[in-house]
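The lines below spell out each chain.
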Amino acid sequence: MLSDLFDGSFMPHGHCLLWRWDLLFLHVGGDLLTAIAYALIPIALIHLVRKRDDLKFDRLFLMFAGFIGFCGITHVFGLINIWHGYYYLEGIVKLFTGLISMTTAIVLWKLTPKILQLPSAAMLSQRNAELVAAQQELREINATLETKIEERTQELRIQAHTDPLTNISNRRAIMSDLQREMERCKRYQRSCSILMLDVDFFKHINDNHGHQVGDEILVQIAQNILTTCRQTDYVGRYGGEEFLIVLCEVDQQQAYELAERIRTNIAGLKLSIDVNLTCSIGIAGLVDGQDIATFIKQADDAVYLAKKRGRNQVAYSES
């Protein structure tokens with residue numbers, strides 16, 4: 001059996017070609033180039049499968065490599081059989097080539113539906129463009145959200161420090177301003193004064209004319225104080241009908257002059273009701289070693305003194 005298998009005594013193909021050099025050149029050249037190509041292609045496919053472990057059809061690539069490799073061997077035997085007739089070996093190689101070719105074809109047909117589901121280059125390009133557009137839209141949405149969050153944060157910050165009625169600093173904010181100004185004046189040995197303003201007989205206004213009218217008057221008073229004070233001063237609603245004014249680098253005499261202007265301006269306000277609107281203002285000057293509670297009490301005592309003296313006037317604390 002082996003002797004028949006390796007029997008190369010059959011008539012070689014060269015006799016069919018009449019040993020003509022032009023025919024030999026065409027067949028030898030064609031089979032040689034094809035055999036070399038069929039040897040290189042399986043190597044490339046095997047290298048591809050080894051380097052790309054993410055490929056879904058790696059077994060199909062390997063089957064193609066085997067199929068092409070056997071095709072290359074048949075061409076090698078085609079070269080050999082020009083001079084020696086090893087037709088048994090060539091037939092066996094062709095048989096294996098046919099078997100692996102049929103197996104590859106069957107597997108390929110079974111995998112065709114899955115292969116067709118793979119996105120094409122155009123589809124990938126389109127999806128990539130859609131992804132880029134979605135990312136840009138997401139960035140714009142994030143930017144819009146960040147802007148809205150910043151705006152809302154700013155609004156909340158303003159609301160937390162602003163009196164909702166008069167739109168000036170609320171008690172928390174004005175006390176914070178006062179504490180900061182006291183620390184600055186103590187550090188640099190500067191003067192600091194505060195005015196505590198209380199509207200006279202304000203309860204009578206609310207009781208006789210209603211809280212809405214009272215609120216309108218408080219808004220007018222707040223705006224009048226802001227207009228009279230400097231931009232460097234701090235004005236806040238301390239509570240109810242009381243206002244606290246922090247005067248930066250102002251001594252008690254200067255504070256008194258400003259307080260008188262404020263008192264006079266408020267008395268001259270044009271109101272929607274016929275009422276004699278007046279206020280009492282207490283003045284306190286910062287003393288070394290004084291804390292904020294004592295400072296505020298000093299101004300409160302001055303207001304009480306102004307009211308005790310008949311209201312509609314400015315007074316210093318006697319303490």
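Here the structure is shown first, and the text comes after it.
Residues numbered from 1 in each chain as written. Predicted model: local features only at pLDDT ≥ 70, side-chain atom pairs only at ≥ 80, totals over all residues. Heavy atoms only, no water.

**Concerning the overall build of the protein chain**
Convention followed: Note on conventions: DSSP H or I runs of at least 4 residues are helices, E runs of at least 2 residues are strands, and numbering of each starts at the N terminus. The atom set for the radius of gyration is the C-alpha atoms, and the globule formula is 2.2 Å times the number of residues raised to the power 0.38. Note on areas: Shrake-Rupley with a 1.4 Å probe; residue coverage comes only from the protein chains shown. Working convention for charge: Lys and Arg count positive, Asp and Glu count negative, and His plus the chain ends are omitted. To locate a charge, the coordinates of NZ of Lys, CZ of Arg, CG of Asp or CD of Glu are taken.
Of regular secondary structure, the protein chain possesses eleven helices and five strands. Computed over C-alpha atoms, the radius of gyration of the protein chain comes to 51 Å, more than 25% over the 20 Å expected from 2.2 N^0.38 for 319 residues, which places it beyond the range of a compact globule. With the principal axes as the frame, the protein chain shows a C-alpha extent of 145 × 45 × 35 Å. As presented, the protein chain carries roughly 20,000 Å² of accessible surface, and 59% of it is formed by carbon and sulfur atoms. Where the 32 positive side-chain charges of the protein chain centre and where its 37 negative ones centre are 3 Å apart.

**With respect to the pattern of salt bridges**
Filter applied, for reference: Salt bridge, as applied in this entry: a Lys or Arg side-chain nitrogen positioned within 4 Å of an Asp or Glu carboxyl oxygen. Buried, partly exposed and exposed residues are distinguished by accessible area as a fraction of the type maximum, computed with a 1.4 Å probe on protein chains only: under 20%, between the cut-offs, and over 50%, respectively.
Going through the model one piece at a time under the given rule, you end up with 13 salt bridges. Between Arg237 and Asp163 there is a salt bridge, with the nearest N and O atoms lying 3.3 Å from each other. One end of the pair, Arg237, is in strand 2 (residues 234–239); the other, Asp163, is in the loop between helix 6 (121–161) and helix 7 (171–188), with 74 residues separating them in the sequence. The buried category is assigned to Arg237, whose relative accessible area is 16%. By relative accessible area, which is 9% here, Asp163 ends up buried. Note that Glu249 and Arg184 form a salt bridge whose closest N and O atoms lie 3.4 Å from each other. Pair noted here: Glu249 is in the loop between strand 3 (242–248) and helix 10 (252–267) and Arg184 is in helix 7, with a separation of 65 residues, a long-range link. In this structure Glu249 comes out as partly exposed when scored by relative accessible area, which is 37%.

**Considerations on the packing of helix 9 (residues 211–228) against helix 10**
Quick note on the threshold: For helices, the axis comes from a line fit to the C-alpha atoms of the stretch in contact; other axes are also lines fit to C-alpha atoms, and the angle between any two N-to-C directions lies between 0 and 180 degrees. Small angles under 35 degrees read as roughly parallel and large ones over 145 as roughly antiparallel, with 65 to 115 read as roughly perpendicular and the rest as oblique. Crossings are assigned a handedness: left-handed for a near helix turned anticlockwise from the far helix by less than a right angle, right-handed for a clockwise turn. Here, two residues are considered to be in contact whenever any of their heavy atoms come within 4.5 Å of each other.
Close contact between helix 9 and helix 10 brings their axes to 10 Å; oriented N to C, the two are set at 140°. Here helix 9 is positioned oblique relative to helix 10, judged by the angle of their axes. In this structure, helix 9 meets helix 10 at a crossing whose hand is right-handed. For the pair formed by helix 9 and helix 10, the contact residues are Ile221, Asn224, Ile225 and Thr228 on the first element and Leu258, Arg261, Ile262, Asn265 and Ile266 on the second.

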